[in-house]
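Residue-level listing of the chains:
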Amino acid sequence: MLEQLLIFTRGGLILWTCKEFGNALKGSPIDTLIRSCLLEERSGGVSFNYDAPGAAYTLKWTFHNDLGLVFVAVYQRILHLLYVDDLLSMVKQSFSEIYDPKRMAYDDFGETFRQLREEAEARAEELKKTKQAGKPVGSVKKQVQVSKAGLEGGNRRIISEGGTKKDDGDGDKAKVGNLTNGHSNDNHRMEDGSQKNDLANGKENATDNVAVDLSKLQKLRSKGVRGRGGVRKVESIGSKSSKVAAVEPAKKASKKNRVWSDAAPKQEKLDFTDSVDGNGISDHVDIAAADVGESMMDKEEVFSSDSESEGDDEPGSDEKPEAKKTGWFSSVFQSITGKANLERTDLEPALKALKERLMTKNVAEEIAGKLCESVEASLEGKKLASFTRVSSTVQGAMEDALVRILTPRRSIDIMRDVHAAKEQRRPYVVVFVGVNGVGKSTNLAKVAYWLLQHKVSVMMAACDTFRSGAVEQLRTHARRLQIPIFEKGYEKDPAVVAKEAIQEATRNGTDVVLVDTAGRMQDNEPLMRALSKLINLNTPDLVLFVGEALVGNDAVDQLSKFNQKLSDLSNTGNTSLIDGILLTKFDTIDDKVGAALSMVYISGAPVMFVGCGQSYTDLKKLNVKAIVKTLLK
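Residues numbered from 1 in each chain as written. Predicted model: local features only at pLDDT ≥ 70, side-chain atom pairs only at ≥ 80, totals over all residues. Heavy atoms only, no water.

Going by what an unreviewed UniProt entry lists, the protein chain is known as SRP54-type proteins GTP-binding domain-containing protein and is assigned to Thlaspi arvense. Recorded in UniProt under Subcellular location (unreviewed entry), the annotation for the protein chain is "Endoplasmic reticulum membrane". (UniProt positions renumbered as here; feature names shortened; annotations may be inferred.)

Here you go:
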């Protein structure tokens, strides 16, 4: 049974809702659908699932793009209603016939909806009965015959009339039978006929007409002698076992396993870090930082719009075959008067070309497909304006969608948040996370340099206690920038080191603590658990995911799994997920800027910093307009 059916405009005006459904919805599924799906260019999906305390809903929707109407149906997920899509289509057609932009209430539509619902339910029942009645019975009998043949035949071969063996999936049973016979008849050799049957079945005769003695095979395996093909070399190996034993090289000295418990003795020459005081503050800050100029974060990037005219000429080539099919006069007439309504067949060529273009710009294939589906859903049924091509209409809709996705939906003014934390007499904590080798430590130093230019006191926390040289690398940046660094060496719990660093910053009145963490792959369960512990224990103000601009499809996997692991491994009610993205190596990708789009789309987090070089000043903001133009160029 449906829980709710709602009709509203794209502007948010509710025109009609079914009053027959007395049960109130738990939570706010429709608001969440609008916020998380329709406004995020995810409307090309089939359905949307919403979980609320005590209820689990599935929402389906359709659009009337020409009239600007949205039709949404809500039902319990456990019911799996088959008639919802058909019902939405009928409601859309019936309501569009009586719709008037000046009219605000449609109380008389309730009776029409009741008839449409009964008709849709009847169709679904008839379809269900037809499927059950038309289910073939022959396949069941065939399975019974095959199972009987497999049980009664044992190791017998099933030969067809032409003399070839039929493989009915009993290859494993035949193999077990051969091993049983080999065990009971030690010196029994295979006949030529059975050998041919084995080859006809596509199986390799692994023994080469050599008897397999299981007792000898077990002895050889216990001695560690193995052939490359399993039991293929059993006879030759058995005859030369004494030679193998004589030539066997001496065992190499095995590496002693490291014990990670606290009781283990500390190995010498493992920790090369300099001495620190009891508070973990290093006393080596003797190298003065050179003033390398103003950070690019504070500079406005000028973007030239010369590429707009270039991009408009390319899609026109996609329409030439279509113009030839419809004729010169009809195409000119349509461009003047406008096409009645855009259909899916009209949009498919332009969307296909647009998807390929996005993928060449390093956008993940899954994201490009979803974006094209969303644009198609927003344009289908819409009237094409006069003197407008389909390709330019599709490109315009895609450009608007990309701008909405890449534009942050919340404030990303870090300086304002830093001053707000300072008024509360606590440090502003930023944690840098990401996979191995993306440049977390280097870009942490760039962020520190930018903060220093704004007269903000900064402390670094060396919480990468896993990678060799990580503490020394961060200490070098701290010396050049003349800022304190909190470190405890290696083999320490990163969560405890970060907590002590925050406490030290609170005592010293430091404004910002930048926490460096070890790189980890998204599938590494122990390291992801340690990262979740660090975030849950210290509750940072900002969790920055540092990712390469070079990645394509892997960006989706990295971000989605990082967020999923942080959510699953959280022990507290307030789960801290990724708040922002720092894109590195942006100066090495030319026009392959699709990773920014993929990361923002999959996580919903904004790109807050872009690393574009190796100097401290090479850090800038993301220019949304430039990215969109590059993607569609």
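So much for the structure itself; the text now carries on.
Focus on the overall build of the protein chain
Looking only at helices and strands, the protein chain has 23 helices and 13 strands in total. Every one of the 633 residues in the protein chain was classed for burial, and the buried ones make up 41%. Pairs at least 24 apart in sequence give 73% of the contacts found in the protein chain among residues at least 6 apart. For the protein chain, the exposed area adds up to about 35,700 Å²; of that, 51% sits on carbon and sulfur atoms. (Helix = DSSP H or I, 4+ residues; strand = E, 2+ residues; numbered from the N terminus. Buried < 20%, exposed > 50% of the residue type's maximum accessible area, 1.4 Å probe, protein only. Contact = heavy atoms within 4.5 Å. Areas by Shrake-Rupley, 256 points an atom, 1.4 Å probe, with all protein chains shown as cover.)

Digging into empty space enclosed by the protein
Counting across every chain of the model gives two cavities of 30 Å³ or more. Taken as a whole, the second largest cavity holds about 40 Å³ of empty space. If you go around the second largest cavity, the residues you meet are Ile 414, Val 418, Tyr 428, Val 430, Val 447, Trp 450, Leu 451, Val 512 and Phe 609. The set of elements that each furnish at least two residues to the lining of the second largest cavity consists of helix 16 (414-423), strand 6 (428-433) and helix 17 (440-453). A per-element tally of the lining of the second largest cavity places helix 17 first, with three residues. Among the residues making up the lining of the second largest cavity, the classes are represented as nine nonpolar, no polar and no charged. (1 Å grid on protein atoms, 1.4 Å probe; cavity = no way out; pocket = protein on both sides within 12 Å on 5 of 7 lines; lining within 4 Å. Points joined across faces, edges and corners; volume = space filled by probe spheres on them. Nonpolar A, V, L, I, M, F, W, Y, C, P; charged D, E, K, R; others polar.)

Regarding the sheet that holds strand 5 (residues 69-76)
The five strands are arranged 2-1-5-4-3 in an open sheet whose pairing can be described as antiparallel. Of all strands in the sheet, those bounded by a partner on one side alone are strand 2 (14-17) and strand 3 (48-52). Adjacent strand axes in the sheet meet at a mean angle of 25 degrees when their direction is disregarded. One ladder, built from three bridges, connects strand 1 (residues 2-9) with strand 2; its direction is antiparallel. Across the sheet, the residue bridging to Phe 8 is Ile 14, located in strand 2. (Pairing = 2+ DSSP bridges. Axes fitted to C-alpha atoms, helices over the stretch in contact; angles between N-to-C directions.)

Re the packing of helix 14 (residues 365-379) against helix 22 (residues 594-603)
Two elements in contact, helix 14 and helix 22, have axes separated by 10 Å at closest approach and are oriented at 70 degrees. By the criterion of interaxial angle, the relationship of helix 14 to helix 22 is roughly perpendicular. Packed against helix 14, whose contacting residues are Ile 367, Lys 370 and Leu 371, the element helix 22 presents Leu 597, Ser 598, Tyr 601 and Ile 602 at the interface. Each residue belonging to the contact of helix 14 with helix 22 can be placed in one class, and the counts come to five nonpolar, one polar and one charged. (Parallel < 35°, antiparallel > 145°, perpendicular 65-115°, else oblique.)

Side note on the pattern of salt bridges
With the rule as written, the count across this model stands at 26 salt bridges. The partner of Asp 108 in a salt bridge is Arg 103, and the shortest N-O contact between them spans 2.9 Å. Residue Arg 103 is classed as partly exposed on the basis of its relative accessible area, which comes to 28%. Between Lys 629 and Glu 399 there is a salt bridge whose closest N-O contact spans 2.9 Å. Remark: Glu 399 occurs in helix 15 (residues 390-406) and Lys 629 occurs in helix 23 (residues 624-632); sequence separation between them is 230 residues. What makes Lys 629 buried here is its relative accessible area of 16%. We classify Glu 399 as partly exposed; its relative accessible area is 24%. A single network of salt bridges, built from pairs that share partners, joins Asp 86, Glu 119 and Arg 123. (Salt bridge = Lys/Arg side-chain N within 4 Å of Asp/Glu carboxyl O.)

Quick word on the pairing of strand 3
Burial of the side chains of strand 3 is restricted to one face: Phe 48, Tyr 50 and Ala 52 are buried, whereas none of Asn 49 and Asp 51 on the reverse face is. In this sheet, strand 4 (residues 55-64) lies alongside strand 3 in antiparallel orientation, the contact comprising five bridges. Within strand 4, the position partnered with Asp 51 by the bridge is Ala 56. Adjacent in sequence and paired antiparallel, strand 3 and strand 4 are bridged by two residues, among which Gly 54 carries a positive phi angle near 90 degrees.

Brief notes about the side chain of Glu 376
Its place among the elements puts Glu 376 in helix 14. The class for Glu 376 is buried, based on a relative accessible area of 15%. Glu 376 has contacts with Arg 344, Leu 347 and Leu 351, leaving out every residue within four places of it along the chain.

Some words on unusual backbone geometry
Note: most residues except glycine have negative phi, and most peptide bonds are trans. Of note, Lys 455 is a non-glycine position whose phi angle comes to about 60 degrees, a positive value. A relative accessible area of 75% means that Lys 455 is categorised as exposed.

Here's the deal with the sheet that holds strand 7 (residues 458-462)
The strands making up a sheet associate through backbone hydrogen bonding, with each pair oriented either parallel or antiparallel. Strand order in this open sheet of eight strands is 8-7-9-6-10-11-12-13, and the pairing throughout is mixed. Because the sheet does not close on itself, it has two edges, and the strands there are strand 8 (485-486) and strand 13 (619-620). Across five bridges, the pairing between strand 6 and strand 9 (residues 512-516) is parallel. Counted as the bridge partner of Val 429 is Val 513 from strand 9. Lying over the sheet, helix 19 (residues 494-508) contacts strand 6, strand 7, strand 8 and strand 9, oriented at roughly 160 degrees with respect to strand 7.

A look at a nonpolar patch on the surface
Judged by side-chain polarity, Met 1, Ile 78 and Leu 79 come together as a nonpolar surface patch covering roughly 350 Å² of accessible area. Tracing the backbone shows Leu 79 in the loop between strand 5 and helix 2 (84-98). (Patch = residues over 30% accessible without salt bridge, like charges linked within 9 Å, V, L, I, M, F, W, Y side chains within 5 Å.)

Description of the packing of aromatic side chains
Counted according to the given criterion, the structure contains ten aromatic pairs. Ring geometry for Phe 95 against Phe 109: centres 5.2 Å apart, planes inclined by 85 degrees, an arrangement best described as edge-to-face. Here the residue Phe 95 occupies a position in helix 2, and Phe 109 occupies one in helix 3 (residues 109-133), the gap between them amounting to 14 residues. Both residues of the pair, Phe 95 and Phe 109, belong to the buried class. Put simply, the rings of Trp 16, Phe 71, Phe 95, Tyr 99, Tyr 106, Phe 109 and Phe 113 touch in pairs and so form one group of aromatic residues. The residue whose ring lies beneath Arg 10 is Phe 63, and the NZ or CZ to ring-centre distance is 4.7 Å. (Phe/Tyr/Trp six-rings, centres within 6.5 Å; stacked < 30°, edge-to-face > 60°. Lys NZ or Arg CZ within 6 Å of the ring centre and 35° of its normal.)

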